[in-house]
Amino acid sequence: MSNSDLVRVEISAGVASVVLNRPDQRNAINPEMADGLRSAFDQIEANPEVRVSVLSGAGPVFCAGMDLKSFTKGEADAILNGPHRFAGFVARERRKPVIAAVHGAALAGGFEIMLACDLVVASQEAIFGLPEVTLGLVAGGGGAIRLAQRVPRVLANELLLTGKTYPAAEMLRWGLINRVVAQDELADAALELASEIARNAPLSVTHCLALSDRLFRSQEGALWQANDSALAALSDTQDVTEGIAAFFEKRAPDWSGT
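As the structure is a prediction and not an experimental result, all values here were calculated from the model. (Residues numbered from 1 in each chain as written. Predicted model: local features only at pLDDT ≥ 70, side-chain atom pairs only at ≥ 80, totals over all residues. Heavy atoms only, no water.)

J.: Describe the packing of helix 6 (residues 143–150) against helix 10 (residues 202–235), naming the residues involved and giving the relevant values.
T.: Contact geometry for helix 6 and helix 10: axes closest at 10 Å, N-to-C directions at 140°. Classified by the angle between their axes, helix 6 and helix 10 sit oblique to one another. Two packed elements cross with a definite hand, and for helix 6 against helix 10 that hand is right-handed. On helix 10, the residues that touch Ile145, Arg146 and Gln149 of helix 6 are Phe216, Arg217, Gln219, Glu220, Leu223, Trp224 and Asn227. (Axes fitted to C-alpha atoms, helices over the stretch in contact; angles between N-to-C directions. Helix = DSSP H or I, 4+ residues; strand = E, 2+ residues; numbered from the N terminus. Parallel < 35°, antiparallel > 145°, perpendicular 65-115°, else oblique. Left-handed = near helix turned anticlockwise from the far one by under 90°. Contact = heavy atoms within 4.5 Å.)

Structural data, given as C-alpha cells:
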C-alpha cells in the first residue's frame, strides 16, 4: 500500500477531508503512514483552495497510536523524530486549522494527534487515553506537554500516570474536546464546523490561529527537549521490552525497573 493509500485526502468547498486509512491495524502509525500524513499536510498548507481540514480514521477507530510492531523492528525514530515529530504531524506549525473527528479509540499517539489538532468533535462512543505507562514508555508525541498546558495538573497526571481510558463525555467536561455527537452524526458535525470556518476570511483565520497558538508554541521548545530525553531514557530499557511483549502476549507485565 502506498503512502497516498494510507492517508486519503479529498477536497471540497474549501475543506480537506484527511482520512487515516490503515483500518486493519487500527490506524496505527508506521513510518509509511507518518510520511503520508506529513505529505498530506504539506499539500494542504500549499493549496490556496483549502481553508480548513477534517482529520478522521477509517474503520472502527480513530487511531491506536504508534505501531508497536514497527517499534520492535527499530523504526521508532522514523515515526517519532522525523519532520514535525510523531506521525509527521504533532509538532507541525500550521496556518490552517485542523478539526479532529474522533470515533472509536484515540489512544496513545492517536490521542496525541487529536491534541495537536485545533478543534475536536467526538462520537458518544469514543474513548481516549495515554496507556504508555502500561508499556514502559512515555507519552512522547506531545501528550505530556499538551495535557499539562490544557487541564489542571491533577487531571493531567491522572491521564498520564494511570494509563486508563476515559469516555468522550469526560473529555468534554475537562475541556479537551469541543462537542460530542451521536456516531451517525459525527462526519456531518465535523464538516459543519469546518464549513463555518471555511466561510470566513482566510487571512483572519490564519492570524487568529497563530495568536491562539502563540503562548503554547513559545513554551514548547524546551519542553520538547525534555520530552526527547525521556524518550531516549526509556526506549532501550528492559521494561519497555517487557511491556510490549506483555501487550502482544495479552498478559500482565513483570516490571524490573531497569
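Once you've had a look at it, read on.
J.: Any chance you could break down the sheet that holds strand 3 (residues 52–57) for me, citing the residues and the numbers?
T.: Here we have six strands laid out as an open sheet, ordered 1-2-3-4-6-9, and mixed in their pairing. Either end of the sheet is taken by a strand with one partner, and the two such strands are strand 1 (7–12) and strand 9 (179–181). Ignoring strand direction, the axes of neighbouring strands in this sheet form an average angle of 20°. Bridge count for strand 6 (residues 119–123) against strand 9 is three bridges, and the pairing is parallel. Each bridged residue has a counterpart across the sheet, and for Ser123 the counterpart in strand 9 is Val181. Each of strand 1, strand 2 (15–20), strand 3 and strand 4 (98–102) touches helix 2 (residues 31–46); the most contacted strand, strand 2, lies at about 180° to it. Its contacts with the sheet put helix 9 (residues 186–198) on strand 2, strand 3, strand 4, strand 6 and strand 9, and the angle it makes with strand 6 is roughly 160°. (Pairing = 2+ DSSP bridges.)

J.: Before we move on, could you go through the nonpolar core and cite the residues and values that matter?
T.: Counting 61 residues, the largest nonpolar core has Leu55, Phe89, Val102, Ile113, Met114 and Phe128 as its most contacted members. Leaving out residues up to four positions away in the same chain, Phe89 has contacts with Leu37, Phe41, Leu55, His84, Arg94, Val98, Ile113, Ala116 and Cys117. One finds Val52, Leu119, Val121 and Ile197 within the second-largest nonpolar core, a separate group that totals 16 residues. (Core = buried A, V, L, I, M, F, W, Y, C linked by side-chain atoms within 4.5 Å. Buried < 20%, exposed > 50% of the residue type's maximum accessible area, 1.4 Å probe, protein only.)

J.: Quick rundown of the environment of Leu215? Include the residues and the values.
T.: One can find Leu215 in helix 10. Along the sequence, Leu215 and Gln149 sit 66 residues apart, while their C-alpha atoms lie 9.9 Å from each other.

J.: So what about the packing of helix 6 against helix 7 (residues 153–162)? Which residues, and what values?
T.: Helices that pack against each other are described as a pair by the angle of their axes relative to one another and the distance between those axes. In contact at an axis separation of 8 Å, helix 6 and helix 7 are set at 155° when each is read in the N-to-C sense. The pairing of helix 6 with helix 7 is recorded here as roughly antiparallel in orientation. Only Ala156, Leu159 and Leu160 of helix 7 make contact with helix 6, whose side of the interface consists of Gly143, Ala144, Leu147 and Ala148. In terms of residue class, the contact of helix 6 with helix 7 is built from six nonpolar, one polar and no charged. (Nonpolar A, V, L, I, M, F, W, Y, C, P; charged D, E, K, R; others polar.)

J.: Explain the sheet that holds strand 7 (residues 127–129) to me, and be specific about the residues and the numbers.
T.: Pairing in this open sheet of three strands is mixed, and the strands run 5-7-8 from one edge to the other. Either end of the sheet is taken by a strand with one partner, and the two such strands are strand 5 (105–107) and strand 8 (165–167). On average, each strand axis in the sheet is tilted by 20° relative to the strand beside it, whichever way the strands run. Of the strands in this sheet, strand 5 and strand 7 touch helix 5 (residues 109–116), which is tilted by about 90° from strand 5.

J.: Kindly report on the pairing of strand 6, identifying the contributing residues and their values.
T.: Note on strand geometry: in a regular strand, side chains alternate between the two faces of the sheet. With five of five residues buried, strand 6 is to be regarded as a mostly interior element. The pairing of strand 4 with strand 6 spans four bridges and is parallel. Following the sheet pairing, Val102 is matched in strand 6 by Ala122.

J.: Explain unusual backbone geometry to me, and be specific about the residues and the numbers.
T.: The phi torsion at His84 lies on the positive side, around 70°, for a residue other than glycine. Assignment of secondary structure puts His84 in the loop between helix 4 (76–80) and strand 4.

J.: Give a detailed account of the pairing of strand 3, specifying residues and quantitative values.
T.: Of all six residues making up strand 3, six are buried, and the element is well covered by its neighbours. Burial of the side chains of strand 3 extends over both faces: Val52, Val54 and Ser56 are buried on one face and Ser53, Leu55 and Gly57 on the other. Note: strand 2 against strand 3, six bridges, orientation parallel. Paired with Val15 across the two strands is Val52, which belongs to strand 3. Looking at chain direction, strand 3 and strand 4 are connected through three bridges and run parallel. In the strand pairing of strand 4, Ser53 is matched with Val98.

J.: Pulling in residues and values, what's your account of the environment of Ala232?
T.: Along the chain, Ala232 falls in helix 10. Residue classification places Ala232 among the exposed residues on the basis of a relative accessible area of 55%. A C-alpha to C-alpha distance of 29 Å links Ala232 and Val61, two positions 171 residues apart in sequence.

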